[in-house]
Amino acid sequence: MHLWQATVPFCLLAAASLPGATATAWGFTDATVAVQPKGAGVNGGFKEQFVASKPLSRPVSLAGADTLRVTLTAQEGSSAKRPDQAFLLLKDAQTGLDISYPFNAKENGKSRVELTQKDLPIQFLSLSDPVDARIIIGGFGGSAAYDSSAFQLSIDRNPNEPVPTVETQRYGKKPEIHHIFKESASNPPFIITLAFVAMVGAAIPALAGLWFFLGANINHLPSALKSAPLPHAVFLGSLVAFEGIFFLYYTCWNLFQVLPAVAVVGVVAFISGSRALGEVQGRRLAGLR
Amino acid sequence: MRWCLTLFICCFLAAVNALSSSGSRLLAVLEDTEQKDLYSTLWADLEARGYDVSFESPKSDQLALFKHGERAYDHLLILPPKSKGLGPSLTPKHILDFMNKDGNILLALSGKSATSSSISSLLLELDIHLSTDRSHVVVDHFNYDTLSAAEKHDVLVVQRPGPLRPDVKAFFDGEGVLALPRVAPHTLGYDSVLLSPILKSPATAYSYNPKEGTPAPEDILATGSQLNLVSAMQARNSARFTVLGSVEALEDQWFSAEVKTPNGKKTPTVNREFAKQLTAWAFKETGVLKVDKVEHRLATEGAELNPSIYRIKNETVYNIEISEYVYDKWVPFEVPGDDELQLEFTMLSPFHRLNLQPIHRTDTSTVFSAQFVTPDQHGIFSFRVNYKRPFFTAIEENHEVTVRHFAHDEYPRSWAITGGWVWIAGLWSVIGGFLAFVVVWLYSAPVVDKLKKSQ
């Protein structure tokens, strides 16, 4: 199989070289590629000869203001002749870009083409890899046309100069966008909160201890309950009920539920309070407090 | 009797279904019946697909694209006239009006004779450019048919085109080679998003005017893949305009021809298959998208469908159901390889742009879905799906909703905020202290007397 594959090109080559076996083919001789930097003389810069079907091994570099010049003599069979088509075709395998520059061909087959970076489309300037420079020579009639790689052309740019880009709109997908939310409100560390809650909570025992130290007591409670049991119980109960209403307002009630409840409890507190405080006044008048 | 009628209606509906998604009235503009006979297979194929083909000469008095201000035809197929122009009823303005009213056009050119200036100015309106003398022909010394154009090399033999880009669906691909005799090439404007090449020349091709011979280097404007053989322009209203460089490729002769490239074998052409693909696309039998249903709701179970108001930071689900028309039926739409169907949630500019994922497939449609959290910005937003791609009709779905702020009772309660516990504890300790004070004030016996007594 491999042997068969290897022999096919040889057979084709042999067939092509046999005189009269097939129609003539287009080709070229005396081909040179030169890169002339700006300001250098005609013979300044890089210059190298190349032959058909054998691309140069090193890429040819075309920098900023250089001029690339390719000259060759086109041949049909072995006689020099002006071809109908003589192009220098630049082709980038990766992007599939291609562009041709026609040779200026004379009747005796001598052809030349000159190229600077200004002649290249913008898309070629941003390519990182060298492009394939091919020579295409063809014409009408039965002669086989020639198309083969001649050299690799590396389009070098000054790294400090920005590569011109082209912005054209094309229908296609766009980059995804995910909304970035504002940071949500955060709490201080839980331990610190607990420490401060404990400090606030300690205020009640501290107050109780202080009062106890100063001699606060509830020694009059039995006598007060004996002389006016109902007003005292109801008055204290209504004060606790107020706090209960406030607690419900805080957790689930609305203002319209709170107001009637406060009105009822307020009246109860007013009536029972005046009786209870009357009893307290009685104790004061009796010299008990 | 009744079932007879039902059957008849069913048959009628089936016949109506087996056609383009946008109507069956096709007008073919050609000069004479002699020309018509050259394309008999094409006409037969079109009629078999359900088109109602009428023929008119561009010179005819009865030719009118509009009747009572409405389109008289759904599609227009223009073959290149032998005379100078297309006549008074097919001026570029009439043809553009026809497109503005959603009519589709397939324009065939020919490299045999110069293209008329009225066609050239029509193409110029669409940013499609012909060569300056309008009589160029594409030749390629590598990919020509050695059997019919051994000397002139003007019958191109090319592969059917693959996808234009990796993210674009290939409507015209397949096995086999096309024979394109005497193509009048065109180049496309650089800036237009509406233009797409369907078939480009091989890299080694160039164009020239056969009457003038080999072109001088400075006369060559475009070469290789810059020369387009077949191109399409799809307007913003999704009306389609297709340019075919070689009218001869549609002839019976080339539908069944055999071609041979210089180094290749003799192969039959697939022009007939390509003509089917091309006319089907041009007359909206393929590449037509339809939105069946759009749904959006909160991501919670049993949420109301398509509410007009959302709150910020709501988890939201968006579903869109899309069908694609393929020749005679609606099928589930599939997004091409590298492409994405995208949902934008926008107020002036998109806050979210998300790729919609297919979640469900019915017999005729695919349901695409995305789930996201509405942004923390209140205002008037819209769910927008703006799917415009080469060769597909445009989808533009816009659903406006209000996004409101948190209501007063939707914030977290103070006890849920640990940082607030210190203040809550302070409040309740004041209340406790007050109650304790009241009790002590009411019932405390004075202690001063005791001290006095002990003294």
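The rules behind these values
- Sequence order as written defines residue numbering, which begins from 1 separately in each chain.
- Here chains are named by letter from A upward and ligands by number from 1 upward, in the order in which they appear as written.
- Residues qualify for local features only when their pLDDT is at least 70, as the model is predicted, and side-chain atom pairs are given and counted only at 80 or more; totals for whole chains, interfaces and linings, by contrast, use all residues.
- UniProt positions are given in the numbering used here, feature names are shortened, and annotations may be inferred rather than shown by experiment.
- By the criteria applied, helices consist of DSSP H or I runs no shorter than four residues and strands consist of E runs no shorter than two, each listed in order from the N terminus.
- Just to be clear, the radius of gyration here is over C-alpha atoms, and the globule rule we use is 2.2 Å times residues to the power 0.38.
- Each residue is classed by its C-beta neighbour count within 10 Å, where at least 20 other C-beta atoms makes it buried, 12 or fewer makes it exposed, and intermediate counts make it partly exposed; the C-beta atoms are placed from backbone geometry.
- Contact between two residues is assigned whenever their backbone-derived C-beta positions fall within 7 Å.
- Only strands joined by at least two bridges in the DSSP assignment are considered to pair.
- For helices, the axis comes from a line fit to the C-alpha atoms of the stretch in contact; other axes are also lines fit to C-alpha atoms, and the angle between any two N-to-C directions lies between 0 and 180 degrees.
- Nonpolar residues are Ala, Val, Leu, Ile, Met, Phe, Trp, Tyr, Cys and Pro. Charged residues are Asp, Glu, Lys and Arg, and all others, Gly as well, are polar.
- The arc in question is the one traced by the directions running from the helix axis out to the C-beta atoms.
- Residue count minus one, scaled by 1.5 Å, sets the expected span of a helix.
- If an angle is under 35 degrees, it is roughly parallel; if it is over 145, roughly antiparallel; if it lies from 65 to 115, roughly perpendicular; otherwise it is oblique.
- Should the near helix be turned counterclockwise from the far one by less than a right angle, the crossing is left-handed, whereas a clockwise turn marks it as right-handed.
- Domain borders in the structure are assigned automatically or taken from a domain database.

In the annotation of an unreviewed UniProt entry, chain B is listed under the name Dolichyl-diphosphooligosaccharide--protein glycosyltransferase subunit WBP1 and assigned to Penicillium bovifimosum. The record in UniProt for chain B states the following under Pathway (unreviewed entry): "Protein modification; protein glycosylation." Quoted straight from UniProt, the Subunit (unreviewed entry) entry for chain B says "Component of the oligosaccharyltransferase (OST) complex."

In the nomenclature of an unreviewed UniProt entry, chain A corresponds to Ribophorin II C-terminal domain-containing protein from the organism Penicillium bovifimosum. Check the Subcellular location (unreviewed entry) section of the UniProt entry for chain A; it says "Endoplasmic reticulum membrane".

Counting its regular elements, chain A contains seven helices and 11 strands. Compactness check: chain A gives a C-alpha radius of gyration of 52 Å against a globular reference of 19 Å for 289 residues, more than 25% above the reference. Taking the principal axes of the C-alpha coordinates as reference, chain A spans close to 150 × 45 × 40 Å. When the 289 residues of chain A are sorted by exposure, 20% land in the buried category. Pairs at least 24 apart in sequence give 65% of the contacts found in chain A among residues at least 6 apart.

Residue and element names in this part refer to chain B. One non-glycine residue with positive phi stands out, namely serine 238, at about 70°. Checked against the element boundaries, serine 238 lands in the loop between strand S14 (228-234) and strand S15 (240-244). Although it is not a glycine, tyrosine 327 adopts a positive phi angle of roughly 60°. For tyrosine 327, the position within the fold is in the loop between strand S20 (315-326) and strand S21 (329-332). The class for tyrosine 327 is partly exposed, based on 15 C-beta atoms found within 10 Å.

Residue and element names in this part refer to chain B. The strand order across the open sheet formed by seven strands is S2-S1-S5-S6-S15-S14-S12, and the pairing between neighbours is mixed. One side of each edge strand has no neighbouring strand; the edge strands of this open sheet are strand S2 (52-56) and strand S12 (195-200). Looking at each pair of strands side by side, their axes are set apart by 15° on average, direction ignored. Examined bridge by bridge, S14 and S15 share five bridges and lie antiparallel to one another. By the bridge assignment, methionine 233 is partnered in S15 with phenylalanine 241.

This part takes up the interface of chain A and chain B. Listed as interface residues are 58 residues of chain A and, on the opposing side, 56 residues of chain B. Contributions of two or more residues to the side of chain A that touches chain B are made by strand S6 (85-91), strand S7 (98-102), strand S10 (131-138), helix H3 (190-201), helix H4 (203-214), helix H5 (221-227) and helix H6 (229-251) of chain A. For the side of chain A that touches chain B, the element with the highest residue contribution is H3(A), accounting for six residues. Considering only residue class, the side of chain A that touches chain B consists of 28 nonpolar, 19 polar and 11 charged.

A few words on the UniProt feature "transmembrane region" (unreviewed entry) in chain B. Within the UniProt annotation, "transmembrane region" (unreviewed entry) is assigned to residues 421-443 of chain B. In the segment residues 421-443 of chain B, helix accounts for 100% and strand for 0%; the C-alpha atoms at its two ends are 33 Å apart.

Next up on the list: the UniProt feature "domain: Ribophorin II C-terminal" (unreviewed entry) in chain A. Per the UniProt record, "domain: Ribophorin II C-terminal" (unreviewed entry) is found at residues 181-284 of chain A. Secondary structure within residues 181-284 of chain A divides into 81% helix and 0% strand; the distance between the first and last C-alpha atoms comes to 66 Å.

Attention shifts here to helix H5 (residues 117-125) of chain B. Residues and elements named next belong to chain B. Of the positions making up H5, those classed as buried are Ile119, Leu122 and Leu123. Taken down its axis, H5 places every buried residue within 95° of arc, on the same side. Count one or two residues on from H5 and you reach aspartate 127, which has phi positive near 65°.

All right, on to H6(A) then. Residues and elements named next belong to chain A. Between its first and last C-alpha atoms H6 spans 33 Å; for 23 residues at 1.5 Å apiece the expected length is 33 Å, and the two agree. Of all the positions in H6, only Pro231, His232 and Phe235 are classed as buried. Where H6 is buried, its residues meet H5 and helix H7 (255-285).

So, on to the UniProt feature "domain: OST48 N-terminal" (unreviewed entry) in chain B. Mapped onto the present numbering, the UniProt feature "domain: OST48 N-terminal" (unreviewed entry) falls at residues 25-282 of chain B. For residues 25-282 of chain B, the helix share is 19%, the strand share is 26%, and the end-to-end C-alpha distance is 14 Å.

With that settled, the discussion passes to the UniProt feature "transmembrane region" (unreviewed entry) in chain A. Residue and element names in this part refer to chain A. The residues that UniProt annotates with the feature "transmembrane region" (unreviewed entry) are residues 190-218, 230-250 and 256-277. Span residues 190-218 is 83% helix and 0% strand, its end C-alpha atoms 39 Å apart. A distance of 31 Å separates the end C-alpha atoms of residues 256-277, which is 100% helix and 0% strand.

Right, let's get into the packing of H3(A) against helix H8 (residues 421-443) of chain B. Their axes nearest at 9 Å, the elements H3(A) and H8(B) cross at an angle of 10°. Here H3(A) is positioned roughly parallel relative to H8(B), judged by the angle of their axes. In this structure, H3(A) contributes A:Thr193, A:Phe196, A:Val197, A:Val200 and A:Gly201 to the contact, and H8(B) contributes B:Trp421, B:Val422, B:Ala425, B:Gly426 and B:Ser429. Looking at the contact of H3(A) with H8(B) residue by residue, the class counts come to six nonpolar, four polar and no charged.

As a further point, take the packing of helix H4 (residues 92-100) of chain B against H5(B). All names here are of chain B. Following both chains from N to C, one finds H4 and H5 inclined at 40°, their axes separated by 9 Å at the closest point. Here H5 runs oblique to H4, going by the angle between their axes. The two elements H4 and H5 cross, and the hand of that crossing is right-handed. Taken together, the residues of H5 that come into contact with H4 (itself represented by Pro92, Ile95 and Leu96) are Ser118, Ser121, Leu122 and Glu125. Among the residues making up the contact of H4 with H5, the classes are represented as four nonpolar, two polar and one charged.

Structurally, chain B comprises domain 1 (20-282), domain 2 (288-408) and domain 3 (421-454). Averaged C-alpha coordinates put domain 1 of chain B and domain 3 of chain B at centres separated by 102 Å.

Bringing the sheet that holds strand S26 (residues 379-387) of chain B into the picture now. Residues and elements named next belong to chain B. A sheet is described by the order of its strands in space; here five strands give the open sequence S19-S27-S26-S22-S23, paired in mixed fashion. Both outer strands of the open sheet, strand S19 (309-311) and strand S23 (349-355), are each paired with one neighbouring strand and no more. Here the average twist between neighbouring strands, direction ignored, is 30°. Alignment of S26 against strand S27 (residues 395-404), held across nine bridges, turns out to be antiparallel. Counterpart to serine 382 in the pairing with S27 is glutamate 400.

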